[in-house]
Amino acid sequence: MAKSSADDEELRRACEAAIEGTKQKVVMSIRVAKSHGIWGKSGKFGRHMAKPRVLALSMKSKGQRTKAFLRVLKYSTGGVLEGFDNLRSQSVAPPQWTMRNIDDRNRLLLCILNICKDILGRLPKVVGIDVVEMALWAKENTPSVTTQRNQQDGLVATRVTESDLKVTVEKELVSQAEEEDMEALLGTYVMGIGEAEAFSERLKRELLALEAANVHAILESEPLVDEVLQGLEAATNYVDDMDEWLGIFNVKLRHMREDIESIETRNNKLEMQSVNNKALIEELDKLLERLRVPSEYAACLTGGTFDEAHMLQNVEACEWLTGALRGLEVPNLDSTYANMRAVKEKRAELEKLKATFVRRASEFLRNYFASLVDFMISDKSYFSQRGQLKRPDHADLRYKCRTYARLLQHLKSLDKSCLGPLRKAYCSSLNLLLRREAREFANELRASTKASRNPTVWLEASTGGSQSGNSADTSAVSDAYAKMLTIFIPLLVDESSFFAHFMCFEVPALVPPGGVANGNKSGSYDDDTNDDDLGIMDIDDNDSKAGKTSADLQSLNESLQDLLDGIQEDFYAVVDWAYKIDPLRCISMHGITERYLSGQKADAAGFVRLLLGDLESRISMQFSRFVDEACHQIERNERNVRQMGVLSYIPRFATLATRMEQYIQGQSRDLVDQAYTKFVSIMFVTLEKLAQTDLKYADIFLLENYAAFQNSLYDLANVVPTLAKFYHQASEAYEQACTRHISMIIYYQFERLFQFARKIEDLMFTISPEEIPFQLGLSKMDLRKMLKSSLSGVDKSIAAMYKKLQKNLTSEELLPSLWDKCKKEFLDKYDSFAQLVAKIYPTETIPSVTEMRELLASM
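In this convention, every chain numbers its residues from 1, walking through the sequence in written order. It should be noted that, the model being predicted, local features are given only for residues of pLDDT at least 70 and side-chain atom pairs only at 80 or more, the latter also being counted only at that level, while totals for whole chains, interfaces and linings use all residues. Here the side-chain values reflect all heavy atoms present in the structure, with hydrogen atoms and water set aside.

1. Regarding the nonpolar core
It is characteristic of soluble globular proteins that their nonpolar side chains tend to be buried jointly.
1) Next: The nonpolar core is taken to be a set of buried Ala, Val, Leu, Ile, Met, Phe, Trp, Tyr and Cys residues, with the residues joined through side-chain atoms within 4.5 Å. For every residue, the accessible area (1.4 Å probe, protein chains only) is compared with the maximum for its type, and the residue is labelled buried under 20%, exposed over 50%, or partly exposed between those bounds. Ranked by size, the top nonpolar core spans 180 residues in total, and within it Leu411, Phe623, Phe709 and Phe833 carry the most contacts.
2) Next: We count a stretch as a helix when DSSP gives it H or I for four or more residues in a row; a strand needs E for two or more, and each element gets its number in order from the N terminus. When residues in this core are grouped by element, the largest group, 15 residues, is from helix H16 (residues 475–502).
3) Next: Contacts: residue pairs with any heavy atoms within 4.5 Å of one another. When near neighbours in sequence (up to four residues on either side) are disregarded, Phe709 contacts Ile650, Phe653, Val680, Met683, Phe684, Phe726, Tyr727 and Ala730.
4) Next: Membership of the second largest hydrophobic core comes to 13 residues, among which are Leu55, Leu57, Val72 and Cys111.

Here it is in structure tokens:
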């Protein structure tokens, strides 16, 4: 059997890809040729050119049900298989699918019959097919025939065995009636084995009889065929006539459709025009409504009053005017309307209304602000008086200003340039009030604070060393300064915040309602901390965007400088007054200012932060002035202290440092540490300078002063890192001075001994130790002479060394420690000398180090 396309696995996969979305399994695919059979006018049957197609048998299971499909696939562009549409016209002859050979036909039919048996449980009736011939073909081609069985676990392709074909063809493809007819026919041909020739002759005779009968039947049916052909010719003529009539009708129908389309087009245009006219009338009505100015608003904008009772009408008029102006601008108004003369005239009219209203409102507000402040300044009860400190109260002022907050917001929307003069007027008026309040408060605060004046020159020799006990309590001074800040810094912060939002600066809120700022735990200066100072933040959300704050913040700080300018002088006066009473109180005031400064934010209170920074600088400057004056005392008295160094200043400095540490209360140490550094640096520099004037006694001079520094500042150095650093510096300088002085005394008493040792050490770098005793001045005889002159009467030499150490020392308490250092240093040097002698002069004997140590211990 020739190779069939039914065995082409690539064809089957292509068919499955073509029907991928249907979830169907292709059972068999086979290539066929498509053609149409038609009857021509001549009465002959013809065929169109055959086209390649593919027939595909597929199955789909859904639960217990199984469906089978016969699909026709065609080749599209690129050789890809795709589905084939059904015939759209029934007048076209149905297609005929021609197999490539008889084997393909039989395989397809056998597969269809077996699928029908599996799905339906029975076989359909087959017409026009010789079942006996199919049975014989199936027997001969058993290995190549495949069928499809629908098993419970899915679709499984199996081979059809010979026994299956026997059952399928002989028992299932042939019906019972056909089988009986075949048996009867075959029974008439039953004969013996030896009758083959007779049987052949019989078949020939019957074949000739059948052929004669067929020819006779054909000849008898010729008239009928002619009559049928004539009828077909007549029918063809009728069909041609009908075709001509249908062509005429089609032309008339086309003309009618064109007329109908023309009518519909005109109707659509008329309907569109009607809709457009209606929309245009509506737009014109809206435009006219925009151009109309309500009489009540016009009267309010041009000649209304601004008293509190009429503020609602003024705000409504502003809102209408703002909306009307925006409504006549693109994109709120179509650009076509914007160029209309009526719109331009109405816009000019609204601009005049705006200019008139802005001018009248600005003039009223400037006068209103000035009148409010003038009224408060003229009433002395608002300010501190003799014997009574008055806390400034701006609640009534803010309440009255808050009445016009919404008006200011609308003025900003109408004409932002008008806010500049209003801000200046408000700042000028409020500045007068704040300066008057600060001046009166500061004056009464100084007058009511009782504190004794402490000396401003702490390191003067005339002040003595009892300053700590005699210094008066000046805490009231720093308390007064703290009260000044406690009262006015929150007030200035609140005024800055109120001014920022009242005057429509686009900055974030300084302190949220109920928050904590500047150390004032009430959250705000005013008592009504839960009340928003403005109540105007919801007027125009577009004016409170954080993205615009940077530009407005600079403008705000410039205005705040005008608002608060001059008030710093009253704070400076309190600082200078406190400095005159007790300069050390600058430390406390610096800490208080530092705490307030750390609580400020660099936003709407930016100028308040600058004020605190200036105060901190002023306090630092005054304290630096005090430190400089104290340092100048040491420099001015340099000649007087030439003999004693800075001994007289060290205890006074310790007392001063102790007092300064008492004033540090949880603040940074920079100010105090800088003072310590300057004080101690000046003292150490002065010591070194004085020591250079008399080199003979320089070491005694230095060690006594550095020892006094350590003794006086021992306790403070344990708790103050800066003083600890200078303590260690003084300790190192003391040790160096001691070493130099002791070495000088030892060399003075035992000069020949240690000079001899130094010569030996020098020669050991150039020659071997064995050669040294043969050098000039270093022989054994020279060694004995030197030992006799240096160590005979060594106890007297040591006693002389003690007396020389005691002679120029003014601080007797230092002598024991110095003498111990001196003995230790002498023993170390003598030990080195003894080792040299043992190495260079092994046969010579000298007093041992142990004997020398016992001698020193006994003295």
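More follows now that the structure is in view.
2. Concerning the side chain of Ser620
1) Next: Its place among the elements puts Ser620 in helix H20 (residues 606–636).
2) Next: Only 3.5 Å separates the side chain of Ser620 from the side chain of His590, close enough to count as a polar contact.
3) Next: Not counting residues within four places of it along the chain, the set of residues in contact with Ser620 comprises His590 and Leu671. Polar contacts, as used here, are pairs of N or O atoms within 3.5 Å; protein pairs need one atom able to donate a hydrogen and one able to accept it. Residues neighboring in sequence count only if both atoms are side-chain atoms.

3. Looking at the pattern of salt bridges
1) Next: Each reported salt bridge corresponds to a side-chain nitrogen of Lys or Arg within 4 Å of a carboxyl oxygen of Asp or Glu. With the rule as written, the count across this model stands at 21 salt bridges.
2) Next: In this structure, Arg659 engages Asp582 in a salt bridge whose closest nitrogen and oxygen atoms are separated by 3.4 Å. A residue pair is termed long-range when its members are at least 10 positions apart, and Arg659 in helix H21 (residues 649–663) and Asp582 in the loop between helix H18 (568–581) and helix H19 (585–598) qualify at 77 residues.
3) Next: The exposure class of Arg659 is buried, given its relative accessible area of 9%.
4) Next: Assessed through its relative accessible area of 0%, Asp582 is described here as buried.
5) Next: Taking the shortest distance from any N to any O, the salt bridge between Glu735 and Lys821 comes out at 3.3 Å. Taken together, the positions of Glu735 in helix H24 (residues 721–749) and Lys821 in helix H28 (residues 815–840) put the pair 86 residues apart, joining distant regions of the chain.
6) Next: Residue Glu735 is classed as partly exposed on the basis of its relative accessible area of 34%.

4. Quick look at the packing of aromatic side chains
1) Next: Stacked, tilted and edge-to-face are the three classes assigned to paired rings of Phe, Tyr and Trp, where Trp is represented by its six-membered ring and a pair needs centres within 6.5 Å; plane angles under 30 degrees give stacked, over 60 edge-to-face, the rest tilted. Per the counting criterion, the structure on display carries 30 aromatic pairs.
2) Next: Centroid distance Phe488 to Phe571: 6.2 Å. Interplanar angle 85°. Geometry classified as edge-to-face. Within this pair, whereas Phe488 is found in helix H16, its partner Phe571 is found in helix H18, the two being separated by 83 residues in sequence. Take Phe488 and Phe571: they sit in the same class, and that class is buried.
3) Next: Through a chain of ring-to-ring contacts, the aromatic side chains of Phe306, Phe357, Phe364, Tyr368, Phe369, Tyr404, Tyr426, Phe498, Phe499, Phe502 and Phe505 assemble into a single cluster.

5. Quick look at a positive patch on the surface
1) Next: Surface patches are drawn from residues lacking salt bridges whose relative accessible area is over 30%; two like charges belong together within 9 Å, two nonpolar side chains (Val, Leu, Ile, Met, Phe, Trp, Tyr) within 5 Å. In these tables, accessible area is a Shrake-Rupley quantity obtained with a 1.4 Å probe, and a residue counts as shielded only by the protein chains included in the view. Lys and Arg are tallied as positive, Asp and Glu as negative. Neither His nor the chain termini are counted. One atom stands in for each charge, and that atom is NZ of Lys, CZ of Arg, CG of Asp or CD of Glu. Side chains of Lys23, Lys60, Lys62, Arg65 and Lys67 sit close together on the surface and give a patch of like positive charge.
2) Next: Listed by contribution, the elements that provide at least two residues to the positive patch are strand S3 (51–62) and strand S4 (65–75).
3) Next: Structurally, Arg65 is set in strand S4.
4) Next: Among the residues examined, Arg65 registers a relative accessible area of 56% and is labelled exposed.

6. Details of the pairing of S3
1) Next: For two strands to be treated as a pair, DSSP must find at least two bridges joining them. Alignment of S3 against S4, held across ten bridges, turns out to be antiparallel. Looking at S4, one finds that Val54 is bridged to Leu73.
2) Next: Connecting S3 to the antiparallel partner S4 that follows it, the hairpin turn spans two residues, and Gly63 within it adopts a positive phi of roughly 70°.

7. Some words on the packing of helix H22 (residues 670–691) against helix H23 (residues 698–717)
1) Next: Contact pair H22 / H23: the axes reach a minimum separation of 9 Å and the direction vectors enclose 160°. Taken together, the axes of H22 and H23 lie roughly antiparallel to each other. Considering the relative orientation of H22 and H23, their crossing is right-handed. In contact with Val680, Met683, Phe684, Leu687, Glu688, Leu690 and Ala691 of H22, H23 contributes Ala698, Phe701, Leu702, Asn705, Tyr706 and Phe709.
2) Next: Of the residues that constitute the contact of H22 with H23, the class distribution is eleven nonpolar, one polar and one charged. For helices, the fitted axis covers only the stretch in contact; all axes are lines through C-alpha atoms, and the angles between them, taken along N-to-C directions, range from 0 to 180 degrees. Throughout, the term roughly parallel applies to angles under 35 degrees, roughly antiparallel to angles over 145, roughly perpendicular to angles from 65 to 115, and oblique to all others. Crossing handedness: left-handed means the near helix sits turned counterclockwise from the far one by under a right angle, and right-handed means the same turn made clockwise. Three classes are used: nonpolar for Ala, Val, Leu, Ile, Met, Phe, Trp, Tyr, Cys and Pro, charged for Asp, Glu, Lys and Arg, and polar for all others, with Gly counted as polar.

Treat this as a map of the structure, not an account of what it does.
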